[in-house]
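Residue strings, one per chain:
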Amino acid sequence: MQIFEYNGSALVAMVGKNCFAIASDRRLGVQLQTIATDFQRISKIHDRLFFGLSGLATDAQTLYQRLVFRHKLYQLREERDMKPETFANLVSAILYEKRFGPYFCQPVIAGLGDEDKPFICTMDSIGAKELAKDFVVAGTASESLYGACESMFKEDMEPEELFETVSQALLSSVDRDCLSGWGGHVYVVTPTEVKERILKGRMD
Amino acid sequence: MKLDTSGLESAVPVWGAPSELVDGFSAAPSFEVPNTTDFDGFQKDAIQMVKPAKGTTTLAFIFKEGVMVAADSRASMGGYISSQSVKKIIEINPYMLGTMAGGAADCQFWHRNLGIKCRLHELANKRRISVTGASKLLANILYSYRGMGLSVGTMIAGWDETGPGLYYVDSEGGRLKGMRFSVGSGSPYAYGVLDNGYRYDMSVEEAAELARRSIYHATFRDGASGGVASVYYVGPNGWKKLSGDDVGELHYKYYPVMPSTVEQEMVEVAGA
C-alpha cells in the first residue's frame, strides 16, 4: 500500500463569517487494522491558529513538534503570536528543506488573521501552498471530501451552521473510505471563543 | 462427473513426424508469446492487478441446533468503499447457503453454477444432494481453474440427511470439513470473539448473538469490513434469515455513550 495511505486520515477546513472550522477523523490504523479511535490530528499553535497533519502519523508527530518549537522561539523573539500567513510560509519552508527525502504529510492550516479575517491553506508534502477562500481538504478521503464540501458549502456561514456543514461533509466522506473515520473532531474558532466538539460517527 | 480438464491441456501442438519434406518447411511448434520484457514474471503481475483483496468478514459454525452463517456487507476497492450493502450470503437452494469472500463476480457466478448442478443432481437422482457432494462439486470446478486468477474463499453450509454440514472451499483448490470457520481480512478479529464464546449446546438466539457480535467486532477493527451484519440460520427445514443489523447502530447498542461526569464546574460568583 502507498505510504500516504499507511495510517489513514481525513482533514477538512472551512471558512465562515469571521470564523473558521477545522475538522478531522479520529482513526489511527496500520493499513487495514484499526489501532486507536481517539487519535489527535489537529493541534493548536495559539488561540487563533490551528493546524492538522494528514498522512504518515510518525512524520505528523515529528513535524508538529518541530513547528511548535519554531513558534515558541518566534514568540520569545518577537513577543507576539505568529500570523497565519507567516506560519504557512514557515511550514512550507520546513517541508521544502526535506525536498529529496520528504515528510510524508499534508498539512492543513487554519487561522484568524488581521481584522479577524479567516485564513485557510493546505500544502502537498514538499511545501506547495494552496490558498483557498472556501475550503481545503487532505487525507485518504480527500476525493470524497472535495465532492461533499463543494456541494454543501455556502458563503458567510455563521458558526453554528458552519459546524453542521463541516460535520456532515466529514462524516459522509469518511463513510466512503475504509481507512478513515471512527468518529470526528471539530474545532470552530471565532474571535471570542474556540469550541471543540467530538462527532458520533459510524465505527466501521 | 468428468473433471473439467480443459485448463490443463497444452496449447502447444504436438510435434508431428518430420516426414513431410514435401510440404515445404514445417513451422516450429509455437504459440503466441506476449510482447513483454519479463516473460516469466508478467503473468504474476497481471494476476495481482485483477486480484481483489479478500476485504470482508464471513463466518459460519455448527452447533447443536444447526448451522449459523453470518457476514458483513461492505465491498471495497483498495481504500474506496464501493458499496455498504452487498449480499455476501448466497442462497444456493432452500437448504444450502454459500458465503462470498474474494472476487464478487467469481463468487456469484460459481455459486449460481453450483446451484444449477445441485438441481440437475436432484432431477437425475430423485434425491437432494448432500453438503459433502455439493462442496466437492464446487471444489473440483475451482481446482480445474487453479492458477488462472479466480479469487473465491467460500463456505458451503447446509442441512442434509446426515444433519448439519459445513465445508470451506477456496480458489486454490482447498476443501476442508469443519465445525467453525471464518474467512476474509476481518477473520482474525471474528475468530477471537467466536472461539471465546463458542459452546456446542447453545440455543438459536445465543448462537445468533455470538455470530452478530463476532461480525461487529471484526467490522470495528478491520477497515475493509462494515455495513450490515447479516445472520442466517440453517436448520432441518432449510435456511432462514434471522437479522440484518447496521453495525454503526450495533456499536452504540453494545457501548452506549455515557455522559461524562463533570469534575469541576465554573459557577457564577454572586456580587463579585
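Treat the numbers as computed from the prediction; the structure is a model and nothing was measured. (Residues numbered from 1 in each chain as written. Chains lettered and ligands numbered in written order. Predicted model: local features only at pLDDT ≥ 70, side-chain atom pairs only at ≥ 80, totals over all residues. Heavy atoms only, no water.)

(A) Representation of the overall build of chain B within the structure. Tallying secondary structure elements over chain B gives six helices and 12 strands in all. Within chain B, the proportion of its 272 residues that are buried is 43%. For chain B, the proportion of contacts with a sequence separation of at least 24, taken over those separated by at least 6, is 61%. For chain B, the exposed surface amounts to about 15700 Å²; the carbon and sulfur share of it is 56%. (Helix = DSSP H or I, 4+ residues; strand = E, 2+ residues; numbered from the N terminus. Buried < 20%, exposed > 50% of the residue type's maximum accessible area, 1.4 Å probe, protein only. Contact = heavy atoms within 4.5 Å. Areas by Shrake-Rupley, 256 points an atom, 1.4 Å probe, with all protein chains shown as cover.)

(B) How the structure looks around the overall build of chain A. In terms of helices and strands, chain A carries four helices and 12 strands. Looking at chain A as a whole, 55% of its 204 residues qualify as buried. A separation of at least 24 residues holds for 62% of the contacts in chain A among residues at least 6 apart in sequence. Accessible surface, chain A: about 9200 Å² in total, of which carbon and sulfur atoms supply 48%. Charge centroids of chain A, computed over 23 positive and 29 negative side chains, lie 4 Å from each other. (Lys, Arg positive; Asp, Glu negative; His and termini not counted. Charge placed at Lys NZ, Arg CZ, Asp CG, Glu CD.)

(C) Molecular detail of the nonpolar core. Counting 28 residues, the largest nonpolar core has L59, F61, F63, M68, M202 and A211 of chain B as the members making the most contacts within it. Taken together, the elements giving at least two residues each to this core come down to β1 (58-63), β2 (66-71), α4 (187-197), α5 (204-221), β11 (228-235) and α6 (247-254) of chain B. Ranked by residue count, the leading element in this core is α5 of chain B, at nine residues. Not counting residues within four places of it along the chain, the set of residues in contact with F63 of chain B comprises M68, Y198, R199, Y200, M202, S203, V204, A207 and Y233 of chain B. With 24 residues, the next largest nonpolar core counts V12, A141, L145 and L199 of chain A among its residues. (Core = buried A, V, L, I, M, F, W, Y, C linked by side-chain atoms within 4.5 Å.)

(D) Geometry of the sheet that holds strand β9 (residues 129-132) of chain A. All names here are of chain A. Spatially, β5-β6-β7-β8-β9 is the arrangement adopted by the five strands of the open sheet, whose pairing is antiparallel. Among the strands making up the open sheet, the edge pair consists of β5 (42-46) and β9. Strand-to-strand twist in this sheet, taken as the mean axis angle between neighbours without regard to direction, amounts to 20°. In the sheet, strand β6 (residues 49-55) pairs with strand β7 (residues 105-112) via seven bridges, with the strands oriented antiparallel. From the neighbouring strand, L53 faces β7, where its bridge partner is P107. (Pairing = 2+ DSSP bridges. Axes fitted to C-alpha atoms, helices over the stretch in contact; angles between N-to-C directions.)

(E) How the structure looks around the interface of chain B and chain A. Taken together, the contact between chain B and chain A spans 26 residues of the former and 16 residues of the latter. In total, about 1700 Å² of surface goes out of reach between chain B and chain A, with carbon and sulfur atoms giving 49% of it. It is F220, R221 and Y252 of chain B in chain B that bury the most area against chain A; as a group they hold 30% of the surface buried on that side. Between R74 of chain B and D204 of chain A there is a salt bridge, with the nearest N and O atoms lying 3.3 Å from each other. The tally of links from chain B across to chain A stands at 13 residue pairs in polar contact (both at pLDDT 80 or more). Elements with a contribution of two residues or more to the side of chain B that touches chain A: β4 (80-83), α5 and α6 of chain B. Among the residues making up the side of chain B that touches chain A, the classes are represented as eight nonpolar, 14 polar and four charged. (Buried area = accessible area lost by both parts, 1.4 Å probe. Salt bridge = Lys/Arg side-chain N within 4 Å of Asp/Glu carboxyl O. Polar contact = N/O pair within 3.5 Å; in protein donor to acceptor, adjacent residues only side chain to side chain. Nonpolar A, V, L, I, M, F, W, Y, C, P; charged D, E, K, R; others polar.)

(F) Representation of the packing of aromatic side chains in the model. Residue and element names in this part refer to chain A. This structure, assessed with the given rule, holds 16 aromatic pairs over all chains. With a centroid separation of 5.6 Å and an interplanar angle of 65°, the aromatic rings of F51 and F87 are classed as edge-to-face. In this pair, F51 is assigned in strand β6 and F87 in helix α2 (residues 84-97), connecting sequence segments 36 residues apart. Both residues of the pair, F51 and F87, count as buried. (Phe/Tyr/Trp six-rings, centres within 6.5 Å; stacked < 30°, edge-to-face > 60°.)

(G) Layout of the pairing of β2 of chain B. Residue and element names in this part refer to chain B. Burial of β2 is extensive: six of the six residues sit out of reach of the surface. Relative to β2, β1 runs antiparallel, the two being bridged by six bridges. Residue pairing for β2: T58 is matched across the bridge by A71. The antiparallel hairpin formed by β1 and β2 contains two residues in its connecting segment. Where β2 and β11 come together, five bridges link them in antiparallel fashion. What sits directly across from V69, in β11, is Y232.

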